[in-house]
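# Observations on chain architecture
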There are 4 protein chains.
Amino acid sequence: MTVSATSFRSDNDWGASPEVIAAIAACNGQTARPYGADDWTRRAEARFAEVFGRQVGALLVSTGTAANSISLAAMVPRWGSILCHRHAHIHADECGAPEFSRAARAWCPRPAPAASWILRCCAELAVGRGDVHCVQPSAVSITQCTEDGQVYSPEEVAAIARVCREAGVLLHMDGARFANAVASLGCEAADITWRAGVDILSFGATKNGALNAEAIIVFNDALGAQLPFLRKRAGHLLSKMRFVAAQMEAYLADDLWLANARHANAMAARLAQGLAGIPGVKLAAAARTNILFATLPEPMAAGLRERGFDFYGDRWGPGVVRLVTSFGTTLAMVDGMLAAARDITGERP
Amino acid sequence: MTVSATSFRSDNDWGASPEVIAAIAACNGQTARPYGADDWTRRAEARFAEVFGRQVGALLVSTGTAANSISLAAMVPRWGSILCHRHAHIHADECGAPEFSRAARAWCPRPAPAASWILRCCAELAVGRGDVHCVQPSAVSITQCTEDGQVYSPEEVAAIARVCREAGVLLHMDGARFANAVASLGCEAADITWRAGVDILSFGATKNGALNAEAIIVFNDALGAQLPFLRKRAGHLLSKMRFVAAQMEAYLADDLWLANARHANAMAARLAQGLAGIPGVKLAAAARTNILFATLPEPMAAGLRERGFDFYGDRWGPGVVRLVTSFGTTLAMVDGMLAAARDITGERP
Amino acid sequence: MTVSATSFRSDNDWGASPEVIAAIAACNGQTARPYGADDWTRRAEARFAEVFGRQVGALLVSTGTAANSISLAAMVPRWGSILCHRHAHIHADECGAPEFSRAARAWCPRPAPAASWILRCCAELAVGRGDVHCVQPSAVSITQCTEDGQVYSPEEVAAIARVCREAGVLLHMDGARFANAVASLGCEAADITWRAGVDILSFGATKNGALNAEAIIVFNDALGAQLPFLRKRAGHLLSKMRFVAAQMEAYLADDLWLANARHANAMAARLAQGLAGIPGVKLAAAARTNILFATLPEPMAAGLRERGFDFYGDRWGPGVVRLVTSFGTTLAMVDGMLAAARDITGERP
Amino acid sequence: MTVSATSFRSDNDWGASPEVIAAIAACNGQTARPYGADDWTRRAEARFAEVFGRQVGALLVSTGTAANSISLAAMVPRWGSILCHRHAHIHADECGAPEFSRAARAWCPRPAPAASWILRCCAELAVGRGDVHCVQPSAVSITQCTEDGQVYSPEEVAAIARVCREAGVLLHMDGARFANAVASLGCEAADITWRAGVDILSFGATKNGALNAEAIIVFNDALGAQLPFLRKRAGHLLSKMRFVAAQMEAYLADDLWLANARHANAMAARLAQGLAGIPGVKLAAAARTNILFATLPEPMAAGLRERGFDFYGDRWGPGVVRLVTSFGTTLAMVDGMLAAARDITGERP
């Protein structure tokens, strides 16, 4: 269904940046080698080296589930398990996909701040280690930014990586909203990835301005050789790869990826600030990226929906809603929703 | 590498039809439900019902390997095998992908005309049937048009389907170039699919005018329920699905798919006709679709390449080359190549 | 290492009943059809029909992990998950085996009495049902008797089965110690299996008197057809199957299986009764089968081990030990251990 | 069905050597650590080091399919294929088992003598190497002795191993009847395994005197670490492993394995010699091990079966039968069958 309502549902509801559409159109009208042996793919790969400040392996795919699954397939043996948060996309939202070419198992520690998560890792990674009866902990996967819109600092990532290294397991980062995390932290992409000890990153572009473009970024050279075979075998090597590469090139050019993420983050911050001033509204946490969780007074959610503002609720406890902004969210949309919320509570501005 | 040469290498070398690019641009600039719950997807699915003259299940994916693998995963149990030609893409060119969620095994009968292929099927499908020690023949997969550019007539498909039905196995059609086959046969899409007894079709659009759009078309309702889960699990459910659906909608609108295929077929026919008149050139078979195989005299292949015409060779025996035309191949390209060939042989037109 | 100590470690430490060894010897010295087409296998299968009071499918295998994995492989699709206790053998002790031909995932509800477990099932089985993004709950697996030596009553099994049926999922019972449960409940085998709604039972014999003999007992006919192929493919169809079948025949003859279990249970009850009277010893629960958990005073565990009594500890909290009896455990062993325990505490009998 | 006929059907029809039964009985009546941490397992492993003249990894399992599948799972990645003879057990008789934890694919070169097989390997191993679209040849598996009773000489094995090494693939030997091959060649076990370049051997005992005992023998240390996990995960780590280990210990003690094989081979040789002298009988090849193929005159097969001699036919062409001898086959059985055959042809001795 086309959504005529103003969507705060998901960044997946939005289309693509005009620059991305233009890049697709521009790379049409000529012939090129298929399966990634083209200039757009080569340039996108080179651009990743600049973004991360070092040579990296880069494999383009069309979905985040593919990026995560193929990455983890290279990191985890058949008898291995993956430690992740129970809200992690790979555990909760990918229909078993991390397992599609392996029988990995996601562990489900309870939601927790980074410090206790790290301690928990230490404990979980020791369970059954070397015991042939037990699935062997083989990788940790963290989501940056997290499903609830929070970010790991470079120090927190490094602390988790240290625990992993000591336990002899690999560290994967699901960066479906990586740009929002970098924009929020104001750090370099390297600071929360290879410099901190991440082995493979699923670098997302789709949610933040592309149509269907994601990349597997490999920092640990030992893992690189098998990835092209895993990608092909999974049906994720596109014949006309240049149309994905062109998206990625446009997305990375002139830091469009960061500009888009900064805008989305700023819209969420403005929304959070406005909501904080409305009686009865309770924010779950400070706005750090483009995802907010808030508890709205009883009739407010219904009232906002009636007035054409859409968002997810009914999943996280009574009155809790999720509000997601995007590169396409406008000031008018945010201010319109705040005005409507105030109006519903009877407060006139 | 960008190919400045005139490509007769593969239809994968070409971009997309302008209508397809326009459709992508047109569906941008608004929000929509993700994961296929959008209007474009609904309209593309409805359009397939018209194309095939009956209700069908339709699942959009980005690659032909995905369409084939997911289809076959729904048709074949873990202990099942798939009977296909040894040149079939699923056997020769998908890195084990048909097996990526099952342990199926492709059989490899020798290349043969349809009649003897059918007899061969009868024999192979009986091997080890019901014997717990043997992999159980569970599906036959035929490619329409075939890897060498030939087509199965509706009667031939029906004859193979009859053999399958009698043996209790399912029939899959890899239609990566389905449009070229329909255009060549001048039949309806239904005639070589469900009316003839095909259970699932991989309907290709990428090679014939789309960027990255394929569809799994399900005629056998019993197979439909598991496909959405298999697609998601394989990382092939796109979040911004409308951008694939919009491609497919444009591809099917006003029979663009058939117009593109007819053009490509006509270019191949013209090329074949021209080559047939050049001394020393031997065509492997009549041009029926957009793929030709020809044996060129010793210096001709090198000469053509020097003059900027590109194509595959060195795989099919001494002097044999493959020439593939596309919706984008122009009269000037074909005539230019023919002129160059004549020039090389010393014949002036 | 040969254990010269008196073992209360595991029923796996014990050998086989003399009747079972005799049956193996007796079926030697003649030729027979391989792969289960022999008279011993036929008789064992027929005997199962008597044990369960109805026709059942019966497939012999060598290990409990095989019985569980193959059963669950027939019950759960690739995108399915299995709900089980976090201490369940399939989750904790089989190195991912339930997943060896599928990508199933074991859920981990917290340990709980049956009533709350049932409620929990209701909740967990509803999570993500029909949502293509979510692994689909497809089977519940309960262990009878449980890893901590408790039993589900016929009513409790039936209540769980009802929840399963309403949710459209199948019910598997891991009966590695099924005999101990039947002996404890004093019911018929049917009462806690098909009459209560169990679809497939892993019927264990190895721990209770056989060498390496287990059976997959199928009550739900719809699941039967694929099991022989799954068994063969997993390498669990033995060529000289009669040597497993002969074990099973001897194990079921004259209710040896129940006699062995009753003896083991009685030894555990005697041990529990004795321990209950020793100051400082705390039993975790009443002795119902052949597994006891007890908390021993600080120096008692060490003292018992010094005197040649062996058992597992160090896994379940400070001072907690597991004591397992067997068909081979003698009165003298039990009384000897009790005397040693009393001696250590300074109590003379 | 019990076979009262004299069986020349398969060595699987026979029971176990008395020494093996005695060893099982002898290791009963005491407790031992489960899962292979027992003295019998340790001694069997040590005995293998003597048999092969060097340290080897040794993992006991219950079936040849398990030994083959688990070995190959450690040798072949998900996108890899296995080159084997089209009659190889792993391809023809294991229901897809080599693929049960990987998606490997068996290639099927036509039957051929070793020399041409080696040349064929060279060609097949080069197909698609490094090309991401192609399944990657990753292992060669040869059967020693072969399904038709022939043997590879040490030189032939070494020649195949050389081809493998040059192609960068591993070499597996299916030794379901390894003893018969060693007995036939009169060489050391090392000569046709590690000294010739074999990486892993499936060492069979079941067909030649054990009940259900096979071993995975690892010569290539790099492959050893993952095997215990693969074995456990496949349900092939037996809890009361000592009963398999005791079989293997008895089988290897005093070279019972070779004595049994020499006897079986001698019986086949005597049978071949006798048959060669009967008009109308044609032997396919010289008797080298315990398997013979012969073409019998029209009424002879039926006549022999009527007189109580059983064997397989109807699979290998008109009149062709397979005759298999065993450690249990007696002189009287062989001479009885020869006398019957002569009688049927009308020749009195």
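If you're wondering where the values come from, they're calculated on a predicted model, not measured in any experiment.

Calculation criteria
Residues numbered from 1 in each chain as written. Chains lettered and ligands numbered in written order. Predicted model: local features only at pLDDT ≥ 70, side-chain atom pairs only at ≥ 80, totals over all residues. Heavy atoms only, no water. Helix = DSSP H or I, 4+ residues; strand = E, 2+ residues; numbered from the N terminus. Rg over C-alpha atoms; globule rule 2.2 N^0.38 Å. Buried < 20%, exposed > 50% of the residue type's maximum accessible area, 1.4 Å probe, protein only. Contact = heavy atoms within 4.5 Å. Buried area = accessible area lost by both parts, 1.4 Å probe. Salt bridge = Lys/Arg side-chain N within 4 Å of Asp/Glu carboxyl O. Polar contact = N/O pair within 3.5 Å; in protein donor to acceptor, adjacent residues only side chain to side chain. Least-squares fit on C-alpha atoms with pLDDT ≥ 70 in both. Pairing = 2+ DSSP bridges. Axes fitted to C-alpha atoms, helices over the stretch in contact; angles between N-to-C directions. Parallel < 35°, antiparallel > 145°, perpendicular 65-115°, else oblique. Left-handed = near helix turned anticlockwise from the far one by under 90°.

## Remarks on the overall build of chain A
- Check the secondary structure of chain A and you find 12 helices and 12 strands.
- In terms of C-alpha radius of gyration, chain A reaches 21 Å, essentially the compact-globule figure of 20 Å for 349 residues.
- Each principal axis of the C-alpha distribution contributes one length, and for chain A these read about 60 × 55 × 35 Å.
- In chain A, which comprises 349 residues, the proportion classed as buried is 64%.
- Nonlocal contacts in chain A, meaning residues at least 24 apart in sequence, comprise 75% of its contacts between residues at least 6 apart.

## Some thoughts on the interface of chain A and chain D
- Opposite the 21 residues of chain A that make contact, chain D presents 21 residues.
- Surface buried jointly by chain A and chain D totals about 1800 Å² across both partners, of which 68% is contributed by carbon and sulfur atoms.
- At the surface where chain A touches chain D, the tally comes to 0 salt bridges.
- At the boundary of chain A and chain D, one finds 6 residue pairs in polar contact (both at pLDDT 80 or more).

## Some thoughts on the relation of the copies chain A and chain D
- For the pair chain A and chain D, the relating rotation is 180°, the translation along its axis is 0.0 Å, and the fit reaches an RMSD of 0.0 Å. A rotation of that kind, with that shift, is consistent with a two-fold axis.
- When the interface residues of chain A are mapped onto chain D, 100% of them again lie at the interface, so the same face is used by both copies.

## Remarks on the sheet that holds strand β9 (residues 282-283) of chain A
Residues and elements named next belong to chain A.
- Reading across from one edge, β9-β10-β12 is the order of the 3 strands in this open sheet, with antiparallel pairing throughout. The open sheet is flanked by β9 and β12 (320-324), the only strands paired with a single partner.
- Alignment of strand β10 (residues 291-295) against β12, held across 5 bridges, turns out to be antiparallel. From the neighbouring strand, Phe 293 faces β12, where its bridge partner is Arg 322.
- The strands touched by helix α10 (residues 256-276) are β9, β10 and β12; relative to β10, the strand with the most contacts, the crossing angle is about 15°.

## Concerning the interface of chain B and chain A
- Contact with chain B, which involves 60 residues of that partner, is made by 60 residues of chain A.
- Surface buried jointly by chain B and chain A totals about 4800 Å² across both partners, of which 51% is contributed by carbon and sulfur atoms.
- If you look at where chain B meets chain A, you find 2 salt bridges.
- When the shortest N-O distance is used, the salt bridge between Arg33(B) and Asp310(A) registers 2.9 Å.
- On the surface where chain B and chain A come into contact, there are 31 residue pairs in polar contact (both at pLDDT 80 or more).
- If you list the elements that add at least two residues to the side of chain B that touches chain A, you get α1 (18-26), α2 (39-52), α3 (64-75), α8 (227-233) and α9 (242-252) of chain B.

## Focus: the relation of the copies chain B and chain A
- By a simple turn and slide, chain B fits onto chain A: the slide is 0.0 Å along the axis, the RMSD is 0.0 Å, and the turn is 180°.
- A shared binding surface is used by both copies, with 100% of the interface residues of chain B retained as interface residues in chain A.

## Let's talk about the packing of α10(A) against helix α12 (residues 331-345) of chain A
Residue and element names in this part refer to chain A.
- Packing of α10 against α12 brings their axes to within 10 Å, and their N-to-C directions diverge by 15°. In terms of their interaxial angle, α10 and α12 are classed as roughly parallel. Crossing angle aside, the handedness with which α10 passes α12 is right-handed. Across from Met 267, Arg 270, Leu 271, Gly 274 and Leu 275 in α10, the residues of α12 making contact are Leu 331, Val 334, Asp 335, Met 337, Leu 338 and Arg 342.

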